[in-house]
Amino acid sequence: MRAILVDKQQRLVWSEVPDPVAKENELLVEVRAAALNRADLMQRAGDYPPPPGWPEWMGLEVAGVVLTAPAQSRFRTGDHVCALLGGGGYAERVAVPANMALPIPAGLSMAEAAALPEAFATSYLNLCLEGGMKAGDLVLIQAGASGLGIAAIQLAKTLGATVVTTVGTEEKARFVRGIGADIVVNRRSGDLGAIMDKHPVNIAMDCVAGVSLGTNLVKMAPGGRWIVIATLGGPKTEIDMGLFFRRGLRLIGSTLRSRSPEMKAQILSGVESLLWDRFSSGQLRPVLHKTLPMHTHAEEAHAILQNDGNIGKVVLTACP
């Protein structure tokens, strides 16, 4: 089969690779769409290798058609599924543990379904499991117009939270207000710290970190949980530990990719129970920025993410 490899000049090359072989508990899936994530850019740069046992090429979430399935699985040949991967989605086929796949909600396209697993599993893991989010909480979501940010805003509003979010342009600010964000901070012209002085948050899901993390962390409401999922703004900060202890705050580092398959399966089960009917009914809908053909336009797709040009998910589509 073919997949997208990274050559020595870090170019994306549509290349021949060995066919995947499904293990006893795995599905073999023909990939119809693969959604992009910032982790893909990190992996391309050599900074984020896949977990052991997964292919070397990128791709953390796909949608496609089941080619083979274990006899004891809920799936059968021909079923349409979306799946969370440790890697390997930028390809014609992929093998994935059956419990890391979900049926595609009724009414969603393959491209829309490919945009669900990583973003909503990450949001559920961090807001619900790590953060213990409940109705009435004030939640900070950094980078609210990204695919992940949009998913997190949708999840938080579905569960009755109030959302503070950050964006980089006025266009993105208008968009996130339209999907329910209550307080929007343009990080180029606004001051998140000043907003947090007036509105101490209970939970933060932070993909930025950087110098401002320490300053804003100690402005949380007592008992607040600040969950760092990436460090796009830099890996270092300073924290006033006196304020940190007196407020009873928690600083949590969290990644989805490094979790065990069993834990990922539990997360996906929770996401399906909580949200799948809402997708089927149209109450929720994944937001796609652009779909592009996998074998010819992967470079363009990566450039959109690299330049922060997207509102929602960028998806690579594959021919059947």
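Anything mentioned here points back to the structure above.
The structure displayed is predicted, hence computed values, not measured ones. (Residues numbered from 1 in each chain as written. Predicted model: local features only at pLDDT ≥ 70, side-chain atom pairs only at ≥ 80, totals over all residues. Heavy atoms only, no water.)

Digging into helix H10 (residues 294-306)
At step 1: A rise of 1.5 Å per residue sets the reference length of H10, with its 13 residues, at 18 Å; its end C-alpha atoms lie 17 Å apart and thus fit the reference within 8%.
At step 2: Of all bends in H10, the biggest is about 25°, found at glutamate 300.
At step 3: Here H10 has its buried residues at Met294, Ala298, Ala301, His302, Ile304 and Leu305.
At step 4: Against the buried residues of H10 lie strand S1 (2-6), strand S2 (12-16), strand S3 (26-35), helix H1 (38-44), strand S14 (288-293) and strand S15 (313-317).
At step 5: Just past H10, the residue aspartate 308 takes up positive phi, approximately 55°. (Helix = DSSP H or I, 4+ residues; strand = E, 2+ residues; numbered from the N terminus. Expected span 1.5 Å × (residues − 1). Bend = angle between axes of the 7 residues up to and from the residue. Buried < 20%, exposed > 50% of the residue type's maximum accessible area, 1.4 Å probe, protein only. Contact = heavy atoms within 4.5 Å.)

What to know about the packing of aromatic side chains
At step 1: Going through the model one piece at a time under the given rule, you end up with three aromatic pairs.
At step 2: With a centroid separation of 5.1 Å and 90° between ring planes, the pair formed by phenylalanine 120 and phenylalanine 279 is classed as edge-to-face. Taken together, the residues phenylalanine 120 in helix H3 (residues 117-130) and phenylalanine 279 in helix H9 (residues 261-281) connect sequence positions 159 residues apart. No difference in accessibility class separates phenylalanine 120 from phenylalanine 279, as the two residues are buried.
At step 3: Taken together, the aromatic side chains of Phe120, Trp276 and Phe279 make up a single cluster linked through ring pairs.
At step 4: The cationic tip of arginine 257 hangs over the ring face of tyrosine 48; the distance from NZ or CZ to the ring centre is 4.8 Å. (Phe/Tyr/Trp six-rings, centres within 6.5 Å; stacked < 30°, edge-to-face > 60°. Lys NZ or Arg CZ within 6 Å of the ring centre and 35° of its normal.)

Quick look at the nonpolar core
At step 1: With 85 residues, the main nonpolar core has Leu127, Met133 and Leu316 as its most contacted residues.
At step 2: Among the elements that take part in this core, H3 stands out by supplying seven residues, more than any other.
At step 3: Setting aside residues up to four positions removed in sequence, leucine 316 forms contacts with Ile4, Arg32, Ala33, Ala34, Leu36, Tyr90, Leu292, Pro293, Met294, His297, Ala298 and Ala301.
At step 4: Leu138, Leu140, Val164 and Val201 belong to the second-largest nonpolar core, a separate cluster that totals 17 residues. (Core = buried A, V, L, I, M, F, W, Y, C linked by side-chain atoms within 4.5 Å.)

Quick word on the sheet that holds strand S10 (residues 183-186)
At step 1: The strand order S10-S9-S8-S11-S12-S13 describes an open sheet built from six strands, whose pairing is parallel. Of all the strands in the sheet, just S10 and strand S13 (250-253) have a single pairing partner and so form its edges. Ignoring which end each strand starts from, the neighbouring axes of this sheet average 15° apart.
At step 2: With three bridges connecting them, strand S8 (residues 138-141) and strand S11 (residues 203-206) associate as parallel partners. Bridging from a neighbouring strand, valine 139 pairs with isoleucine 203 of S11.
At step 3: Against the sheet, H3 contacts S8, S11, strand S12 (225-228) and S13, and its axis sits at roughly 150° relative to S11. (Pairing = 2+ DSSP bridges. Axes fitted to C-alpha atoms, helices over the stretch in contact; angles between N-to-C directions.)

Brief notes about the side chain of aspartate 137
At step 1: For aspartate 137, the position within the fold is in the loop between H3 and S8.
At step 2: Polar side-chain contacts of aspartate 137 include one of 2.9 Å to the backbone nitrogen of lysine 134.
At step 3: Among residues more than four places away in sequence, those in contact with aspartate 137 are Gly132, Ala161, Thr162, Asn202, Ile203 and Arg225. (Polar contact = N/O pair within 3.5 Å; in protein donor to acceptor, adjacent residues only side chain to side chain.)

A look at the packing of H3 against H9
At step 1: Relative orientation of the contacting elements H3 and H9 amounts to 100°, with a least axis distance of 9 Å. What the angle tells us is that H3 and H9 run roughly perpendicular. Contact with H3, carried on its side by Pro117, Phe120, Ala121, Tyr124, Leu125 and Leu129, involves Met263, Ile267, Leu268, Gly270, Val271, Leu274, Leu275 and Phe279 of H9 and no other residues of that element.
At step 2: Looking at the contact of H3 with H9, its residues break down into 13 nonpolar, one polar and no charged. (Parallel < 35°, antiparallel > 145°, perpendicular 65-115°, else oblique. Nonpolar A, V, L, I, M, F, W, Y, C, P; charged D, E, K, R; others polar.)

A closer look at the pattern of salt bridges
Pairing between side chains of opposite charge can happen when their charged atoms approach one another.
At step 1: The full count for this structure, using the stated rule, is 14 salt bridges.
At step 2: The residue arginine 93 makes a salt bridge to aspartate 19 at a minimum N-O spacing of 2.9 Å. Placement of arginine 93 in strand S6 (residues 93-97) and of aspartate 19 in the loop between S2 and S3 is noted, with a sequence separation of 74 residues between them.
At step 3: Where arginine 74 meets glutamate 272, a salt bridge forms, and the shortest distance between an N and an O atom there is 2.8 Å. Of the two residues, arginine 74 sits in the loop between strand S4 (61-68) and strand S5 (80-84) while glutamate 272 sits in helix H9, which places them 198 residues apart along the sequence. (Salt bridge = Lys/Arg side-chain N within 4 Å of Asp/Glu carboxyl O.)

Section: the environment of alanine 156
At step 1: Its location among the elements puts alanine 156 in helix H4 (residues 147-158).
At step 2: Sequence-wise, alanine 156 and lysine 134 are 22 residues apart; in three dimensions their C-alpha atoms are separated by 8.6 Å.
At step 3: For alanine 156, the residues in contact, after removing those within four places along its chain, are Leu127, Met133, Ile141, Ala161 and Val163.

Considerations on the pairing of S5
At step 1: For S5, the tally of buried residues reaches four of five residues, placing the bulk of the element in the interior.
At step 2: Bridge count between S5 and strand S7 (residues 101-103): three bridges; the pairing is antiparallel. Considered in S7, the bridge of cysteine 82 is made with leucine 102.

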